[in-house]
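Spelled out from the first residue to the last, the chains are:
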Amino acid sequence: MNGEVTPNRVTTQYWFEYGKTTSLGNISAFSSAGDGTARVPVSVSLANLESGTTYYFRLNAQNQYGTVNGTILNFKTDGPAPSTTQSAPSVVTKNATAVTGSTAKLNATVSPNNLSTIYWFEYSTDSLLGALVVKTTNQVTLAEMRDPSNVWADVSSLAGNTTYYFRVVAENSRGVVRGEKLTFKTN
């Protein structure tokens, strides 16, 4: 990162702020620009930046009369963008099996996407799965893994000859995801 500082005959220090957003968030070490009258070229080198990423930065200077913040500029590092190996879970609701007059097995696949993830099923006779009438199964924790897992939950005390709506729900530190809503009908 490069810039220029004019100390205007007062001992002046400078530093850079930088980050992946215009909120910046990181700072370089403070350095002296001296106390001269001429523009002083200043620079700071950064290491360990992510490839294919835009960074924002600005130069700041300060002396006994105050602080001046430069204009926020940006640059993009070379190379491909980093892959996101951790994300919200991925889910697929699958057909219910072992349906009787009062029980069913709800099925799905859940991909934790490398984060500890909990999952559960929502089910109801209400097609909207509204909060007042929806029932949920117990929450189950999946370990931090990339590959999808086949998951299920047994539900009981269902009304006979009734259509039920259900879907899988999964949550990790990156978000909550609800699967597609499917139906089954008890005997």
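Treat the numbers as computed from the prediction; the structure is a model and nothing was measured.

A. Highlighting the overall build of the chain. Along its length, the chain carries 0 helices and 17 strands. Expected size for 187 residues packed as a compact globule is a radius of gyration near 16 Å; at 28 Å, the chain overshoots this value by more than 25%. Structurally, the chain occupies a C-alpha span of about 90 × 35 × 20 Å along its principal axes. Expressed as a percentage of its 187 residues, the buried residues of the chain come to 35%. Partitioning the intrachain contacts of the chain with sequence separation of at least 6 by distance along the chain shows that 64% fall at a separation of at least 24. As presented, the chain carries roughly 10900 Å² of accessible surface, and 46% of it is formed by carbon and sulfur atoms. For the chain, the centre of its 14 positive side-chain charges and the centre of its 12 negative side-chain charges are spaced 6 Å apart.

B. Spotlight on the pairing of strand β17 (residues 182-185). By the alternation rule, side chains of β17 split into Leu182 and Phe184, which are all buried, and Thr183 and Lys185, of which none is buried. The pairing of strand β15 (residues 163-172) with β17 spans 4 bridges and is antiparallel. Across the sheet, Tyr164 pairs through a bridge with Phe184, a residue of β17.

C. Quick peek at the environment of Val5. With respect to the helices, strands and loops of the structure, Val5 is situated in strand β1 (residues 2-5). Leave out the neighbours within four places in its chain, and Val5 touches Thr12, Tyr14, Ala33, Ala38, Arg39, Val40, Val42, Leu59 and Ala61.

D. Summary view of the nonpolar core. Leu106, Val110, Phe121, Phe166 and Phe184 are the most contacted members of the largest nonpolar core, which totals 20 residues. Of all the elements in the fold, those that place two or more residues in this core are β9 (90-97), β10 (104-111), β11 (117-124), β14 (149-155), β15 and β17. Residues contacting Phe121, with those up to four places away along its chain left out, are Leu106, Asn107, Ala108, Lys135, Thr136, Thr137, Val151, Trp152, Ala153, Phe166, Arg167 and Val168. Among the nonpolar cores identified, the runner-up in size contains 11 residues, and Val5, Phe16, Ala33 and Ala61 belong to it.

E. Structural view of the packing of aromatic side chains. The full count for this structure, using the stated rule, is 8 aromatic pairs. Relative to Phe75, the ring of Phe57 lies with its centre 5.8 Å away and its plane at 55°, an arrangement referred to as tilted. Residue Phe57 is found in strand β6 (residues 54-63), and its partner Phe75 is found in strand β8 (residues 73-76); the two are separated by 18 residues along the sequence. Among the residues examined, Phe75 registers a relative accessible area of 24% and is labelled partly exposed. Arranged with centres 5.5 Å apart and planes meeting at 10°, the rings of Tyr164 and Phe184 form a pair that is stacked. Placement of Tyr164 in strand β15 and of Phe184 in strand β17 is noted, with a sequence separation of 20 residues between them.

F. Region of the structure containing unusual backbone geometry. Positive phi is not limited to glycine here, since Asn114 has a value of about 70°. Topologically, Asn114 is positioned in the loop between β10 and β11. For Asn114, a relative accessible area of 24% corresponds to the partly exposed category. Phi is positive for Ser157, which is not a glycine, with a value near 60°. Here Ser157 lies in the loop between β14 and β15. When its relative accessible area of 65% is taken as the criterion, Ser157 is described as exposed.

Reading guide: rules and limits
Residues numbered from 1 in each chain as written. Predicted model: local features only at pLDDT ≥ 70, side-chain atom pairs only at ≥ 80, totals over all residues. Heavy atoms only, no water. Helix = DSSP H or I, 4+ residues; strand = E, 2+ residues; numbered from the N terminus. Rg over C-alpha atoms; globule rule 2.2 N^0.38 Å. Buried < 20%, exposed > 50% of the residue type's maximum accessible area, 1.4 Å probe, protein only. Contact = heavy atoms within 4.5 Å. Areas by Shrake-Rupley, 256 points an atom, 1.4 Å probe, with all protein chains shown as cover. Lys, Arg positive; Asp, Glu negative; His and termini not counted. Charge placed at Lys NZ, Arg CZ, Asp CG, Glu CD. Pairing = 2+ DSSP bridges. Core = buried A, V, L, I, M, F, W, Y, C linked by side-chain atoms within 4.5 Å. Phe/Tyr/Trp six-rings, centres within 6.5 Å; stacked < 30°, edge-to-face > 60°.

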